Amino acid sequence: MLRSAVTGRSVAGQVFLLQVVIVLLLVVAAVVAQVLQVRRDSDTEAQNRSLAVAETFANAPGTVAGLRAPNPTAVLQPKAEAVRKATGVDFVVVMNTDGIRYTHPKPDRIGKKFVGTIGPAVAGGIVTEHVNGTIGPLVQVVVPVKDTSGTVVGLVSAGITTAHVGGAAAQQLPLLLAAAAVALALATGGTALVSRRLLRQTRGLGPYEMTRMYEHHDAVLHSVREGVLIVGDGGRLLLANDEAHRLLDLPEDAERRSVLELGLDDETAALLASGRVATDEVHLVKDRLLAINQRPTDLRGGPAGSVTTLRDSTELRALSGRAEVARERLNMLYDAGVGIGTSLDVTRTAQELAELAVPRFADFATVDLFDAVLQGEEPRPGTALRRTAGAGVRKEAPLYPVGERIRFVATSPQARSLTTGQSVVVPVLRDAPGWRAQDLERTDQVLEYGIHSMITVPLRAGSLVLGVANFWRSEKPEPFDSEELALAEELVARAAVSIDNARRYTREHSMAVALQRSLLPRTLPEQGALEIAYRYLPAQAGVGGDWFDVLPLSGARVALVVGDVVGHGLHAAATMGRLRTAVHNFSALDLPPDELLSLLDELVGRIDQDETSADGTAAMITGATCLYAVYDPVARRCTLARAGHPPPALVHPDGSVEFPDVPAGPPLGLGGLPFETAELELAEGSRLVLYTDGLVEDRDRDIDEGLELLGDSLRRTPGASPEETCRTVLERLPARPSDDVALIVARTRVLDTDRVAQWQVPSDPAAVSQVRSSVTAQLAAWGLEELDFTTELILSELVTNAIRYGRGPIGVRLLRDRTLICEVSDASTTSPHLRYAASTDEGGRGLFLVAQLADRWGTRYTPQGKVIWAEQPLP
């Protein structure tokens, strides 16, 4: 076997000889390169050593003195010879500037002219050169000898002969040759082993025999009229002849790919990948019935895999075609049952019908519905229809586009279907004048486009006709027939039920949304304490009970509230409206957040009691959460309380985000537990973010993950406005979330100290005049002289009442905001009442005058007592 491998007659032998020649050339090249490198390195070393010896001797003590001695040779020759022997150079020559030698290894050369270049050295430079000297070819270096003044007084030359330089290379040459011989032997042995393996695989054939065998194999493989496939281990296609490519419609790059990736039907691909034995198994592949035979290739020690032959059974094609059509129709009806009506959206359901029909049943499909159906109402016959959905095998068909309103003429197939409630088949559109009368220009374009046949089927839901579905044919030359009409009617009947269900849902959803929208704030009230932006996103299905509000309070303060009623539907929306109204009323009392939530809790409990059925069981238990916050722009403080609601987020002016620790009270309606408040000091420009749980919680994540995502979104908006913050936060939500989302972003403002004035008033009626004077001066500083009279009168009455009926300390505060706010505080908790004084009464008209002069007035209670306030519009 080895002998055959190294001969040149077989392919393996030729490969062996070629590899041996290449290895030999590489070894020779390596040896030559190594020898040249060694010589070059030796030459460099010789130059460096000669230069070092020459410079050392030239700079040695006594060299300059020796050159100036009467007999330089007597002084320098012993030193030069000692240096030469110690350093291993071949000579050290000292000469004068004319090149006359004073020293030399051969004494008879002393006094003669130096052989070499000395000009650059006389000028103070260094000369390195290769020359034929008196002792043979050599490498020499000439350096100058300088006295203390820098004058060149002589020259020193040191060098090594070429024979001495090449000695190192000559010593290494045997080792290099031995290494080359070993490498050549190893390479030859490895090449012989490779050639031996190649010899076994090629079975000792020569190039001519292998070429002839391949040509015969290729001719036979591609000329037979049966498809041949060879599939390797792992299901990869190794070979396919031309007939197999034709029968299976394989791609050009099919070989080396998995048979599961070639676009074959599942059954055929699974058979080819399995490698199991098959005998005349019939498979429908595209439009052909193929008889498949398959055998494994490893029965007699061959490689793993299988060989498959394919035969086209054309005599069974017609029968198979009918069976396939019937099966496809059954599949379409099944797919219609599970694929149409997946959502309660009228437009989406109509689109599902069109997409199901194309291209399995028709080349183009359109659905036209009455506008009233799209709005959830019952259809009104005689009105125009709107093209709601469409699908096609090609784009830009000249049919009416989706979204266009269409009024069909009485002779059109669609109008006849709407009038009679019966389907209409138009086998040949070119011969249908009633259809062409709809739009002569457009119908000509449709015919030129290749559409030649159509079916129109009314969408019936009970006694209602919701619209029509149209099926068009262009690719298949045969017109629609009666069997296809029956299939179209069955498809449309199933779709009509889903469209009517979606219509009914749309009507109910629209009513609920309209109710919910009417209960939510349409615009935000004017106030100066906060810059506010908000968003409300209804749930994907149904309406919820999420709500929010912004409520201006006395003293330039603002209340923010968000809440969420448990559940969806009209009940949740109605309960939300009741709670929002209650918050409006309670906030008018200027109650602290915890007290307001306690009142809401009692209200929700009463709602549950009112909705208890006659048999004593609750018809529907109401649950709600709420967060109530009050911000004071003067003190820059925000007081919050929450009832089962997610905590607010606070974005500081530097962009950092935190979720303040606001005590979490129980949800509204449980009763029995008090609510606690938290107080935050907010820097100007801080953003307070209030939201409902739909923003941070859904089926795919818990609330902790949602809060982390919300914090990340807010950190990406440093310095952003509330409007930009809302947009950024909601970008990560779907267009229709699974739960309602209410979001408020409020950026704090501060009422500057130059817009606030306050005084302490003694409990002495005589102090009223001093208050009037101070107020007049302050109004003049603010440019509000027009309000002097009314402001003095209001404050005089309020301060007088506080002195007379209240307790000290008494304080007066003026706030210049959107309005002029007058506040008088005292330590009494007794609230004054407005009344009409009788004509015989001496007093009792003060608050009546305040109510007449001020736009608004009222009382709020504080931990220290009460504050009576009045607001006047600015001029």
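Since this is a predicted model, take the numbers as computed values, not measurements. Position numbers for residues start from 1 in each chain and track the written sequence from start to end. Note on the predicted model: pLDDT of at least 70 is required for a residue's local features to be given, and 80 or more for side-chain atom pairs to be given and counted; whole-chain, interface and lining totals, by contrast, use all residues. By convention in this description, side-chain values take in all heavy atoms of the structure and omit both hydrogens and water.

This paragraph deals with the overall build of the protein chain. The helix and strand labels rest on DSSP assignments: H or I over at least four residues marks a helix, E over at least two residues marks a strand, and numbering proceeds from the N terminus. Regarding its fold elements, the protein chain presents 24 helices and 31 strands. Classification of residues uses two cut-offs on accessible area relative to the type maximum, computed with a 1.4 Å probe and protein chains only: under 20% is buried, over 50% is exposed, and between them is partly exposed. Per-residue burial for the protein chain yields a buried fraction of 46% across its 875 residues. Per-residue and other accessible areas were derived by the Shrake-Rupley procedure at a 1.4 Å probe size, with only the shown protein chains allowed to occlude residues. If you sum the accessible surface of the protein chain, you get close to 43,400 Å²; carbon and sulfur atoms cover 54% of it.

It is worth spelling out helix α12 (residues 346–357) at this point. Multiplying 1.5 Å by the residue count of a helix minus one yields the expected span of that helix. Here α12 contains 12 residues, and its C-alpha end-to-end distance of 17 Å stays within 8% of the 16 Å for a straight helix at 1.5 Å per residue. Of all 12 residues in α12, 9 are buried; the element is thus mostly enclosed.

Let us now look at the sheet that holds strand β28 (residues 810–816). In space, the 5 strands of this open sheet follow the order β27-β28-β29-β31-β30, with antiparallel pairing throughout. Each edge of the sheet is formed by a strand with only one pairing partner; in this case those strands are β27 (756–761) and β30 (856–862). In this sheet, adjacent strand axes meet at a mean angle of 15 degrees when their direction is disregarded. Summarising the sheet, β27 and β28 pair through 6 bridges and their orientation is antiparallel. Strand pairing requires that DSSP identify at least two bridges connecting the strands. Note on method: axes are straight lines fitted to C-alpha atoms, helices fitted across the in-contact stretch only, with angles between N-to-C directions ranging 0 to 180 degrees.

Moving on to the pattern of salt bridges. Any two side chains of opposite charge can pair, given that their charged atoms come close. Salt bridges are counted wherever a side-chain nitrogen of Lys or Arg sits within 4 Å of a carboxyl oxygen of Asp or Glu. Overall, the coordinates contain 35 salt bridges when judged by the stated rule. Of the charged contacts, one joins D253 and R257 as a salt bridge, the two residues approaching to 3.0 Å between their closest N and O atoms. Classification of D253 by relative accessible area gives partly exposed; the value is 47%. Since its relative accessible area comes to 25%, R257 is described here as partly exposed. With a closest N to O distance of 2.8 Å, E531 and R747 form a salt bridge. Of this pair, E531 sits in strand β16 (residues 530–537) while R747 sits in strand β26 (residues 741–748), and the two are 216 residues apart along the sequence.

Now for the environment of R311. With respect to the element layout, R311 can be found in strand β9 (residues 305–312). Its relative accessible area of 35% is what places R311 among the partly exposed residues. Between the alpha carbons of R311 and D280 there is a distance of 8.8 Å; along the sequence they are 31 residues apart. In contact with R311, not counting residues within four places along its chain, are E226, D280, L289, L290, A291 and N293. In the analysis that follows, any N or O atom pair within 3.5 Å is treated as a polar contact, provided that within protein one partner can donate a hydrogen and the other can accept it, and provided that, for residues neighboring in sequence, both atoms belong to side chains. Within the structure, R311 has its side chain in polar contact with the side chain of D280 (distance 3.4 Å). By the convention used here, residues are in contact when the closest approach between their heavy atoms is within 4.5 Å.

Along the chain, V358 connects to P359 via a cis peptide bond; the corresponding omega equals 0 degrees. Unusually for a residue other than glycine, E396 sits at a positive phi of about 60 degrees. With respect to the helices and strands, the residue E396 is situated in the loop between β11 (385–392) and β12 (405–406). A positive phi angle, near 60 degrees, is found at R636, a position not held by glycine. Of note, R636 is situated in the loop between β19 (624–632) and β20 (637–643). Take R636: its relative accessible area is 28%, and that puts it in the partly exposed class.

As a further point, take the nonpolar core. In these notes, a set of buried Ala, Val, Leu, Ile, Met, Phe, Trp, Tyr and Cys residues joined through side-chain atoms within 4.5 Å is what counts as a nonpolar core. In this structure, W547, L560, L600 and Y628 are the most contacted members of the largest nonpolar core, which totals 53 residues. No other element matches the 7 residues that β19 contributes to this core. Each residue touching L560, except ones within four places of it in the same chain, is listed here: L530, I532, D549, V550, L627, Y628, A629, L688, L690 and A746. In this structure, L333, A362, V457 and L466 belong to the second largest nonpolar core, which totals 44 residues.

Let us look at the side chain of T728. The residue T728 is located in helix α21 (residues 722–730) in this model. Not counting residues up to four positions away in its chain, the partners in contact with T728 are S713 and T717.

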